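Summary of the model geometry
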Amino acid sequence: MQAITPPDQPVEEPGGLRRLLSRGNPVDQDYIERLQRPFQGTRHIVVLGCTGGAGQTVTTLMMGHTFAQFCGEPTVALDVNPGHGALARRTKIDTHETLTSLIANAEHIGSLSGIRRYTSRARSGLDVVAAGKTPLHALDDRDYAQAIRTLDRFYSVTLLDAAASVVSRVLPHADQIVLVAPASSDAPRAVAMTFEWLDSHGYHDLRQRAVTVINGVSRRSHSDVEHAEQVARGQCRALVRIPWDDHLSLDRSPRNELKALRPPTRRAYLALSAVVAGGFSVLPERYQDPSPYHQERTQ
């Protein structure tokens, strides 16, 4: 299992300990190269918070910015976690269209310009689909499948910021999951309960391939972070620490872009995204049988 820590601290990897994200370290370029490796088909990444206030929305957004800026493939973030700090509220708004209207008109969307009627675009190149006014739990499995199939026609990478009420509807579409826990005393228990829930609901394989993020790490939270990582170590594919950065606060929205962050935070999100992209080498099972996923994306 791979573990990534803040700048200038040792990193645990299968090959031993080495320093990552330090100044002048060529590993930054290595991460960019990982993000730029070609892959077949599309990928769906579901981001889940292990507890309330963990920072899953910010994590989704910053991963989206990073993929859009460095991957070279069209990237979209789907907001299925509405509320005061919702994903769409953290970006500029280009449209009043939403997920519900996208689903309603999916059969009529036949071009990139057509899909962009339903998205807001960040400066990084990330497209964002906002949650609609219809309560998310009112959408059924077919609705979510329709939305994801439609996005797959135009985007290589889809990130889903999922509310607890819709987790069971979106997890069947996940190729990977990113689990976000806060750097607090709640983290160890929250991580353990999340792993237990995933296993008990048939997502053992997804849990094993998950990337666990400890968000908002500072010197004061060091002992809590280590405790949470002890719980997660060996239970998931990788661990990543994201430093505390007050530039990510909601009152700075919609200025939550990569360039607004402190360099250690940008590097941590680069590392996180590269680790996630490392999982793209595994071809999703849906490509093993004839289905709409085999159709070419509309350019």
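Residues numbered from 1 in each chain as written. Predicted model: local features only at pLDDT ≥ 70, side-chain atom pairs only at ≥ 80, totals over all residues. Heavy atoms only, no water.

**Here we look at the pattern of salt bridges**
To be explicit about the condition: For salt bridges, the criterion is a side-chain nitrogen of Lys or Arg within 4 Å of an Asp or Glu carboxyl oxygen. In this description a helix means any DSSP run of H or I spanning at least four residues, a strand means any run of E spanning at least two, and both kinds are numbered starting from the N terminus. Buried means the residue's accessible area, taken with a 1.4 Å probe over protein chains only, is under 20% of the maximum for its type, while exposed means over 50%, and partly exposed covers the values in between.
All chains considered together, the criterion is met by 12 salt bridges. For Asp28, the salt bridge identified is with Arg267, shortest N-O distance 3.2 Å. Separated by 239 residues along the polypeptide, Asp28 in helix H1 (residues 27–35) and Arg267 in helix H10 (residues 263–278) bring together distant segments of the chain. Residue Asp127 pairs with Arg121 through a salt bridge whose shortest N-O separation is 2.9 Å. Residue class for Arg121 comes out partly exposed when judged on its relative accessible area of 33%.

**Topic: helix H9 (residues 222–232)**
Condition: Summarising the geometry, the arc corresponds to the directions from the helix axis toward the C-beta atoms. Any two residues whose heavy atoms approach within 4.5 Å are treated as being in contact.
Inspection of H9 places Val225, Ala228, Glu229 and Ala232 among the buried residues, and these make up the whole buried set. All buried residues of H9 fall inside an arc of 100° around its axis, so they share one side. What points out from H9, more than 90 degrees from its buried face, is the exposed set Ser223 and Gln230. On the buried face of H9, the contacting elements are helix H7 (187–200), strand E10 (211–217) and strand E11 (238–243).

**Remarks on the environment of Ser156**
With respect to the helices, strands and loops of the structure, Ser156 is situated in the loop between helix H5 (141–152) and strand E8 (157–162). The exposure class of Ser156 is buried, given its relative accessible area of 1%.

**A few points about the environment of Gly52**
Within the fold, Gly52 resides in the loop between strand E4 (43–49) and helix H2 (56–70). In the structure, Gly52 is positioned 130 residues away from Pro182 in sequence and 8.9 Å away in space, judged by C-alpha atoms.

**Re the packing of H1 against H10**
Basically, it comes down to this: Every axis in this analysis is a line fitted to C-alpha atoms, fitted for helices over the stretch in contact. Angles between the N-to-C directions lie between 0 and 180 degrees. Each angle receives one of four descriptions, namely roughly parallel if under 35 degrees, roughly antiparallel if over 145, roughly perpendicular if within 65 to 115, and oblique otherwise. Here a crossing is taken to be left-handed if its near helix is turned anticlockwise relative to the far helix by less than a right angle, and right-handed if that turn runs clockwise.
Running from N to C, H1 and H10 point in directions that differ by 40°, and their axes come no closer than 8 Å. In terms of orientation, H1 and H10 fall into the oblique class. Relative to H10, H1 is oriented so that their crossing is left-handed. Contacts between H1 and H10 involve Asp28, Tyr31, Ile32, Arg34 and Leu35 from the former and Arg267, Leu270, Ala271, Ser273, Ala274 and Ala277 from the latter.

The analysis is restricted to geometry; functional conclusions fall outside its scope.
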